[in-house]
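Letter by letter, the chains look like this.
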Amino acid sequence: MSHLKRLTVILCIVAGFTAAAQQSEVILPKAIFKVAPQNFTQNELKVGTEFFLRGDKSLSLSIYGRYNNSNDLVQNEYYPGDYYTGFGSEIAYRKYISPFKVYETKRGKSYLQGIYVSGYLQGGKFFSEGKYRTYIVDPDTGFPIMTSIQMREDVRNAGVGFTIGVQRTLWKVVFIDAYIGGGMQFSDIDFNNPIPQHFFYYTDIAQPSYAGIMPKFGLLVGVRL
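Residues numbered from 1 in each chain as written. Predicted model: local features only at pLDDT ≥ 70, side-chain atom pairs only at ≥ 80, totals over all residues. Heavy atoms only, no water.

Overview of unusual backbone geometry
Heads up, the condition is: Comment: elements are numbered from the N terminus, with helices defined as DSSP H or I runs of at least four residues and strands as E runs of at least two.
Of note in the backbone geometry, Trp-171 takes a positive phi value of approximately 60° without being a glycine. Here Trp-171 shows up in the loop between strand 7 (144-170) and strand 8 (174-191). Positive phi values are uncommon outside glycine, yet Lys-172 reaches one of about 70°. By secondary structure assignment, the location of Lys-172 is in the loop between strand 7 and strand 8.

In structure tokens form, the structure reads like this:
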């Protein structure tokens, strides 16, 4: 075989490997727009965008908000529930400990998948307002008297924590992002009136006024931009 033919064969082999490598190369989008469907159960809309940085890192920015116009609701006790209006934001820095790779299902369909760890900061401002029933003791008779009071609760909160998650593609265009983690939330609460003695104030992790250790888990659904 002549040198020219050998060179031609080598070039063809190299070209074949190059083409194969290009076909298996992971091409990530510049950004992914996402929505958190589980937040709808909390009367909240949360959307965000993940921006991919150089290497195996990304930055995720989100905003979320609640709206309630039922200020005339009359409650039997002071229990804000879902009656909050306001907005907040969150920023998260992600490190993909298992960068995106191409995988195949048993049916031969390919998809992208990556595993990450993330640290986040979040904060927001909300208020809850309504008329609440309570009772006071009549100083003359000693019997309780039913009354109502207009209350407004202003809340400012901030949180910090971490998550571990996995993200993969579905139908090549949809990104499914599942995560779990935890953190700490702090809150500052102001009332326009002193809380009556017999008011029962309760808050849980789904409410902006919650303060303490809280879990963080959920699902994000996104599309490439």
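A closer look at the nonpolar core
Across soluble globular proteins, nonpolar side chains have a tendency to be buried as a group. Defined as follows: Side-chain atoms within 4.5 Å are what join buried Ala, Val, Leu, Ile, Met, Phe, Trp, Tyr and Cys residues into a set we call a nonpolar core. Between buried and exposed lies partly exposed: a residue is buried under 20% and exposed over 50% of the maximum accessible area for its type, with that area taken using a 1.4 Å probe on protein chains only. The criterion used for residue contact is that any of the two residues' heavy atoms lie within 4.5 Å.
In terms of nonpolar packing, the biggest core is built from 10 residues, these being Ile-32, Ala-36, Phe-52, Tyr-96, Phe-100, Leu-112, Tyr-116, Phe-175, Tyr-179 and Leu-220. Counting residues per element, the ones that place at least two in this core are strand 5 (85-104), strand 6 (110-137) and strand 8. Beyond its immediate stretch of four places on either side in the chain, Tyr-179 contacts Gln-38, Tyr-116, Thr-163, Ile-164, Gly-165, Lys-216, Phe-217, Gly-218, Leu-219 and Leu-220.

Focus: the side chain of Gln-167
Filter applied, for reference: Between N or O atoms, a polar contact is any pair within 3.5 Å; within protein, one atom must be a potential hydrogen donor and the other a potential acceptor, and residues adjacent in sequence are included only when both atoms are from side chains.
Of note, Gln-167 is situated in strand 7. By relative accessible area, which is 0% here, Gln-167 ends up buried. There is a polar contact of 3.2 Å between the side chain of Gln-167 and the side chain of Glu-50. At 2.8 Å, the side chain of Gln-167 forms a polar contact with the side chain of Tyr-96. If sequence neighbours within four positions are ignored, Gln-167 has contacts with Ile-32, Lys-34, Glu-50, Arg-94, Tyr-96, Phe-100, Leu-112, Gln-113, Gly-114, Phe-175, Ile-176 and Asp-177.

Quick look at the side chain of Glu-90
Of note, Glu-90 is situated in strand 5. Within the structure, the side chain of Glu-90 is placed 3.3 Å from the side chain of Lys-46, a separation counted as a polar contact. Setting aside its immediate chain neighbours within four residues, Glu-90 contacts Lys-46, Ser-60, Leu-61, Ser-62, Tyr-64, Tyr-120, Leu-121, Gln-122 and Lys-216.

Taken by themselves, the reported measurements are silent on function.
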